Amino acid sequence: MAYGTLVLLRHGQSQWNASNQFTGWVDVDLTDLGREEAVRGGKLLAKESILPDVLYTSLLRRAITTANIALDACDRHWIPVVRHWKLNERHYGKLQGLNKAEIKEEFGDEQFMLWRRSYDTPPPAIDADNEYSQSSDVRYADLPEVPLTECLKDVVDRFIPYYSAEIAPRLAAGETVMVAAHGNSLRALVKHLDGISDEDIAGLNIPTGIPLVYRFDDAGTVTNPGGTYLDPEAAAAGAAAVANQGGK
Ligand SMILES: O=C(O)[C@@H](CO)OP(=O)(O)O
């Protein structure tokens, strides 16, 4: 059986992308632009006849809504859906809710980049009484422990075993799988798919709302390393904008 196709979709612009705030597990909504990006993403899928058979999303509304809108735009609103916290954005600890430009100014470029893009340095843990803590959020009631902060390595450690156990077998069965998730959870997955080193992953940024497609040979090896963005020009501009966040 030929392998299926993997479609990665980062949510469209969120309210806190627009206001330049660290977001993590805070459940912010999309902006109008984010909704438009989701429609465009779905139309790109329809144009390329890449039609998902199953959707995997995080438990966060920006990913859930983006997927709903995109699937509606390509007439795939009816497919089965699996939602799991392991696809959630990286928990940004005490930085959740804070402005990126202000944090960069207060702590300097190096510390800012270390918290934002280093592989294994998590930001300081969030306090339980912080208004942006998820410690008592009912949707995470089944977790042994709700994270207080995470580095990218923590996301790799939670998400890649889930991907290998739950998502990869569906690809092996020939299905077209959409994963609607977040900048850093998708960076973790791309790191895995492309075998990117712990150092080099710092330079990889994922734009909002543009489908990134991976194809595989019969042995399950990626045949288009780096994946294929369905709108490469918009993707390059979007990735550069993400890289430059923190500027004023
Ligand atoms: O704030 C966040 O949760 C993420 C994604 O928006 O930001 P960054 O790109 O800085 O890791």
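Residues numbered from 1 in each chain as written. Predicted model: local features only at pLDDT ≥ 70, side-chain atom pairs only at ≥ 80, totals over all residues.

**Student:** I'm lost on the confidence of the model for the protein chain in this one. Help?
**Tutor:** Low-confidence regions, as indicated by low pLDDT, have predicted coordinates that should not be scrutinised in detail. The pLDDT averaged across the protein chain works out to 97; a share of 100% of its residues lies at or above 70. The complex prediction reports pTM at 0.97, with the ipTM value standing at 0.96. (pLDDT = per-residue confidence, 0-100.)

**Student:** Where do I start with the environment of Val 177 in this structure?
**Tutor:** By secondary structure assignment, the location of Val 177 is in strand β4 (residues 177-181). Taking the C-alpha atoms as reference, Val 177 lies 6.0 Å from Asp 53; in sequence the two are 124 residues apart. Excluding residues within four positions of it along the chain, Val 177 makes contact with Gly 4, Leu 6, Val 7, Pro 52, Asp 53, Val 54, Tyr 56, Ile 167, Arg 170 and Leu 171. (Helix = DSSP H or I, 4+ residues; strand = E, 2+ residues; numbered from the N terminus. Contact = placed C-beta atoms within 7 Å.)

**Student:** I keep staring at the UniProt feature "site: Transition state stabilizer" (unreviewed entry) in the protein chain and nothing clicks. Help me out?
**Tutor:** When the UniProt feature table is mapped onto this chain, "site: Transition state stabilizer" (unreviewed entry) is found at His 182. With respect to the helices, strands and loops of the structure, His 182 is situated in the loop between β4 and α7 (183-194). Discounting chain neighbours no more than four positions away, the residues touching His 182 are Arg 10, His 11, Ser 58, Ala 63, Asn 88 and Glu 89. (UniProt positions renumbered as here; feature names shortened; annotations may be inferred.)

**Student:** Quick question: what am I supposed to make of the site of the ligand here?
**Tutor:** Inspection of the region around the ligand gives Asn 17, Phe 22, Thr 23, Gly 24, Glu 89, Tyr 92, Arg 116, Gly 183, Asn 184, Val 242 and Gln 245 as its neighbouring residues. Residue classes in the shell around the ligand are distributed as three nonpolar, six polar and two charged. (Near = placed C-beta within 6 Å. Nonpolar A, V, L, I, M, F, W, Y, C, P; charged D, E, K, R; others polar.)

**Student:** Would you mind showing me how to read the packing of helix α6 (residues 152-172) against α7 here?
**Tutor:** Each pair of packed helices can be described by the angle between their axes along with the distance between the axes. One can describe the packing of α6 onto α7 by two numbers: an axis separation of 9 Å at closest approach and a directional angle of 65 degrees. In terms of axis orientation, α6 runs roughly perpendicular to α7. Of the two elements, α6 crosses α7, and the hand of that crossing is right-handed. Side by side, α6 and α7 meet where Leu 152, Val 155, Val 156, Phe 159, Ile 160 and Tyr 163 of the first sit next to Asn 184, Ser 185, Arg 187, Ala 188, Leu 189, Lys 191 and His 192 of the second. Class assignment for the residues of the contact of α6 with α7 results in eight nonpolar, three polar and two charged. (Axes fitted to C-alpha atoms, helices over the stretch in contact; angles between N-to-C directions. Parallel < 35°, antiparallel > 145°, perpendicular 65-115°, else oblique. Left-handed = near helix turned anticlockwise from the far one by under 90°.)

**Student:** Help me out: how do you make sense of the environment of Ser 135 in this one?
**Tutor:** Position of Ser 135 among the secondary structure elements: in the loop between α5 (109-117) and α6. For the pair Ser 135 and Leu 148, spaced 13 residues apart in sequence, the C-alpha separation works out to 7.9 Å. Not counting chain neighbours up to four residues away, the residues in contact with Ser 135 comprise Ala 128 and Val 146.

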